[in-house]
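Here's the letter readout for the chains.
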Amino acid sequence: MDMDKLVSLCKRRGFIFPSSEIYGGINGFWDYGPLGVELKRNIKDAWWRDIVQGRDDVVGLDCSIIMHPKVWEASGHVGGFNDPMVDCKATQQRYRADQLYVFGLSAKNQPPTDFEVVGGTRKLGDWADFWVSAVGASPADAWETACPRAAKLLKTKPNRLEAPALAATALYMEIAAEDRIKILAPNADEPGTLTAPRQFNLMFKTSVGALEDASSVAYLRPETAQGIFANFKNVVDTGRVKMPFGIAQVGKSFRNEITPRNFTFRSREFEQMELEFFCHPEEAAEWYAYWRKARFQWYVDHGLKSDKLRLRDHASDELAFYSTGTADIEYEFPFGVSELEGIAHRGEYDLGQHQKFSGKDLSYFDEERWERDKAGLGHNSFKEYLKTREGKPNPGYPYQYIPNVIEPSAGADRATLAFLCEAYKEDEVAGETRTVLKFHPRFAPIKAAVFPLVKKDGMPEKADAIYRDLRKHFAVFYDEKGAIGRRYRRQDEAGTPFGITVDGQTLTDGTVTFRDRDTCRQWRIPADGVVQALRDLLEGGAIPGGEGS
Ligand code: ATP
């Protein structure tokens, strides 16, 4: 599937527009149009329904976007949420290292520290290919010679979209200062205008209150998760939850990405759907396995069935130091394989950090476990038990502990983009090519469109009455303009699963035609049964005359 075609369909049909387009747009920001807002909302609602409302062990939260700045010190975002970037002294532009161009490298020398200018320009990311063709080495060997760190990145993330860029960044970081003068920045007239790589923090800074000084600095949240950790104690104190349990949140996050790209895939403002699932340390491995599987299945169940969906476990040297397991759910977008959602076993890291930075006790007393075991232990009170454990590093364990966290963290915009890519099809209907978005009915922005076959003989009135009736229950659309074939085609492009047409026969026997978007099959049902018929179909009922009917 061609990404340009999807982007243009999204614009033309009102799924996604560039933000502030009348002013030339703003890089990394997007607006959802009338169809897009319904699609994304349906995805978020389905997630919420399945993760929160459909379970009895997860509750929801809606936290503020701006939080106390100490939150981001505790989480590590102030110190470590960085990308390496360089500034160009000539053009005042800022680049991620992988965007830079290098004068051609001489094949006889050993890069990256020993190369000479041979003319022409070359992207750092393309450098391995150049080396391969010049010396006949395999790509892996070429990177190995040039930069072992980059080679390792390529090995651990073999199919990752950004692996070459990450590797190129690693390569750039290793280029000695005296050799940087040979690098030509984009749009610069001569090489040598770039600064040394610097770490660039991805959090958007703002200030709170009338005075702008160091004490007023605050950040737009780069993830929703920290609001959940900061409220852990509050939620426990409501008494509605007991271990194991989860807290979920859906909301905007902001990252000042140096290179936003690939449509909405990497944006500077985006929405996350995050679950923090808290459990006893001894049960964490089991819950990690559970969520890893359950989250993958969620995408499959909603239509990402093809072999484009993958579950990739991080290699041990890729894991954050506090994590004992992380898996990415990846999708093969037209621009490459990339992450939709990460599921991480985060141990007690997050609550431990907030306990340390806030000075508040964030441990959990597992009353159920204590009540279950106390007789067997021969203690009447927990206090007594604690006395016997004096001097131990975790005297309250296994009854009082910092819970472990399993975090499935998904992006609503990336999910929306993946479902759009998967749904997009071009096929032949009656000798004509049509574009159709084959969304799962749960996600389709419009569930059914109602049409009068022609604009006379009382058909519009009858169709309008059916539309009004359906509108009380579903997102539906009424269209009486143009030839019926064109109207069907317009709805195919919007991803509407069903068409309901009032025609000549409706006026004589009271039935209407149903049309299925995917197969274009048609069948008739009584007009007064459309609400129930549509409900059955949306809930997975078989299409009359279709397979399994
Ligand atoms: P990446 O490696 O692609 O930058 P990440 O590993 O930093 O992603 P997380 O911090 O784990 O991402 O965020 C969880 C989820 O939030 C991601 O799986 C993704 O769906 C979404 N997400 C993160 N950054 C962006 C972004 N810039 N634009 C859109 N969605 C994003």
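From a predicted model like this one, the values you see are computed outputs, not experimental measurements.

S.K.: Would you mind going over the overall build of the protein with me for this structure?
M.R.: In terms of regular secondary structure, the protein is built from 20 helices and 26 strands. Relative to its 549 residues, the protein shows a buried fraction of 50%. Within the protein, residue pairs in contact and separated by at least 24 positions form 63% of the contacts whose partners lie at least 6 positions apart. Summed over all atoms, the accessible surface of the protein reaches about 25,600 Å², with 50% contributed by carbon and sulfur.

S.K.: Would you mind going over the site of the ligand with me for this structure?
M.R.: Lining the immediate surroundings of the ligand are 15 residues, of which Arg255, Glu257, Ser267, Glu339 and Leu340 lie closest. With respect to the ligand, the side chain of Glu257 contributes an N or O atom lying 2.8 Å from a nitrogen atom. Protein contacts shield 82% of the accessible area of the ligand, which totals 590 Å² for the unbound molecule. When contributions to the shell around the ligand are tallied by element, the ones reaching two or more residues are β13 (269–279), β16 (336–347) and β19 (404–411). When grouped by side-chain class, the residues that make up the shell around the ligand number four nonpolar, four polar and seven charged.

S.K.: Help me understand the sheet that holds strand β15 (residues 325–333) in this model?
M.R.: Paired through backbone hydrogen bonds, the strands of a sheet run either parallel or antiparallel to each other. The strand order across the open sheet built from seven strands is β3-β12-β13-β19-β16-β15-β14, with neighbouring strands paired in mixed fashion. Lying at the two open borders of the sheet, with one neighbouring strand each, are β3 (58–60) and β14 (309–313). Averaged over all adjacent pairs, the angle separating strand axes in this sheet is 25°, with direction ignored. Taken strand by strand, helix α2 (residues 34–53) contacts β3, β12 (245–254) and β13, and its axis lies near 160° from that of β12. Helix α16 (residues 412–423) contacts β13, β15, β16 and β19 of the sheet and is inclined by roughly 40° relative to β15.

S.K.: Quick question: what am I supposed to make of the packing of aromatic side chains here?
M.R.: Both the distance between ring centres and the angle between the ring planes are used here to describe each pair of aromatic rings. Under the defined criterion, the tally for this structure stands at 34 aromatic pairs. Taking 4.0 Å as the distance between ring centres and 10° as the angle between the ring planes, the aromatic pair formed by Tyr322 and Tyr349 counts as stacked. One end of the pair, Tyr322, is in the loop between β14 and β15; the other, Tyr349, is in helix α13 (residues 349–358), with 27 residues separating them in the sequence. Using a relative accessible area of 23% as the deciding quantity, one classes Tyr322 as partly exposed. The buried category is assigned to Tyr349, whose relative accessible area is 17%. With 5.3 Å between their ring centres and 75° between their planes, Trp370 and Phe382 make a pair best called edge-to-face. Of this pair, Trp370 sits in helix α14 (residues 367–377) while Phe382 sits in helix α15 (residues 382–388), and the two are twelve residues apart along the sequence. On the basis of relative accessible area, Trp370 is assigned to the buried category, the value being 4%. Pairwise contacts between aromatic rings join Phe365, Trp370, Phe382, Tyr385 and Tyr399 into one cluster. In this structure, Arg515 is placed above the aromatic ring of Tyr488, and the distance from its NZ or CZ to the ring centre is 4.4 Å.

S.K.: Mind showing me how you'd approach the confidence of the model for the protein here?
M.R.: Overall, the prediction assigns the protein a mean pLDDT of 87, with 83% of residues at 70 or greater. Every residue in residues 102–120 scores below 50 in pLDDT, and together they form 53 contacts with partners more than four places removed in sequence or on other chains.

S.K.: Could you clarify how one ought to interpret unusual backbone geometry in this entry?
M.R.: With the exception of glycine, the majority of residues adopt a negative phi angle, and the majority of peptide bonds are in the trans configuration. Here Met243 and Pro244 are connected by a cis peptide whose omega angle stands at -5°. Within the secondary structure layout, Pro244 lies in the loop between α11 (232–237) and β12. Positive phi, close to 50°, is recorded for Ser20, a residue that is not glycine. With respect to the helices and strands, Ser20 occurs in the loop between β1 (16–18) and β2 (30–32). Non-glycine residue Phe263 carries a positive phi angle of around 60°. Within the secondary structure, Phe263 is located in the loop between β12 and β13.

S.K.: How should the pattern of salt bridges be read in this particular structure?
M.R.: Pairs may arise between side chains of opposite charge once their charged atoms sit close together. Within this structure, the stated rule accounts for 34 salt bridges. In this structure, the salt-bridge partner of Lys40 is Asp413, at a minimum N-O distance of 3.0 Å. Highlighted residues: Lys40 in helix α2 and Asp413 in helix α16, separated in sequence by 373 residues. The exposure class assigned to Lys40 is buried, which follows from its relative accessible area of 7%. Among the residues examined, Asp413 registers a relative accessible area of 6% and is labelled buried. A salt bridge links Arg434 to Asp492; the nearest nitrogen and oxygen atoms lie 2.9 Å apart. Note that Arg434 is positioned in strand β21 (residues 432–437) and Asp492 in helix α18 (residues 484–494), a separation of 58 residues in sequence.

S.K.: How should the pairing of strand β20 (residues 424–429) be read in this particular structure?
M.R.: Moving residue by residue along a regular strand, the side chains alternate between the two faces of the sheet. Of the strand pairs in this sheet, β20 and β21 are connected by six bridges, and their pairing is antiparallel. Each bridged residue has a counterpart across the sheet, and for Lys425 the counterpart in β21 is Val436.

S.K.: Honestly, the sheet that holds strand β25 (residues 511–516) in this entry has me stumped. Any pointers?
M.R.: Strand order across the open sheet formed by five strands is β23-β22-β24-β25-β26, with mixed pairing between neighbours. Only two strands of the sheet have a single partner each, and these edge strands are β23 (476–478) and β26 (522–526). Ignoring which end each strand starts from, the neighbouring axes of this sheet average 25° apart. Both β25 and β26 contribute to a ladder of five bridges, which runs antiparallel. Bridge pairing in β26 links Phe514 to Trp523. In the packing of helix α20 (residues 530–538) onto the sheet, the strands contacted are β22 (448–452), β24 (498–502), β25 and β26, and the crossing angle to β25 comes to about 20°.

S.K.: Please clarify how the environment of Ala285 should be interpreted in this entry.
M.R.: Position of Ala285 relative to the elements: it lies in helix α12 (residues 284–301). Ala285 gets classed as exposed once you look at its relative accessible area, which sits at 53%. Sequence separation between Ala285 and Ile406 is 121 residues, and the spatial gap between their C-alpha atoms is 8.9 Å.

S.K.: I would appreciate a short explanation of the pairing of β16 in the present structure.
M.R.: With respect to burial, β16 is a largely interior element, eleven of its twelve residues being buried. One ladder, built from nine bridges, connects β15 with β16; its direction is antiparallel. When the bridges of β16 are listed, Glu332 appears paired with Val337. The antiparallel hairpin formed by β15 and β16 contains two residues in its connecting segment. Where β16 lies against β19, six bridges are found, and the strand directions are antiparallel. Note on β19: the bridge partner recorded for Glu341 is Ala410.

Cut-offs applied
Residues numbered from 1 in each chain as written. Predicted model: local features only at pLDDT ≥ 70, side-chain atom pairs only at ≥ 80, totals over all residues. Heavy atoms only, no water. Helix = DSSP H or I, 4+ residues; strand = E, 2+ residues; numbered from the N terminus. Buried < 20%, exposed > 50% of the residue type's maximum accessible area, 1.4 Å probe, protein only. Contact = heavy atoms within 4.5 Å. Areas by Shrake-Rupley, 256 points an atom, 1.4 Å probe, with all protein chains shown as cover. Near = heavy atom within 4 Å. Polar contact = N/O pair within 3.5 Å; in protein donor to acceptor, adjacent residues only side chain to side chain. Nonpolar A, V, L, I, M, F, W, Y, C, P; charged D, E, K, R; others polar. Pairing = 2+ DSSP bridges. Axes fitted to C-alpha atoms, helices over the stretch in contact; angles between N-to-C directions. Phe/Tyr/Trp six-rings, centres within 6.5 Å; stacked < 30°, edge-to-face > 60°. Lys NZ or Arg CZ within 6 Å of the ring centre and 35° of its normal. pLDDT = per-residue confidence, 0-100. Salt bridge = Lys/Arg side-chain N within 4 Å of Asp/Glu carboxyl O.

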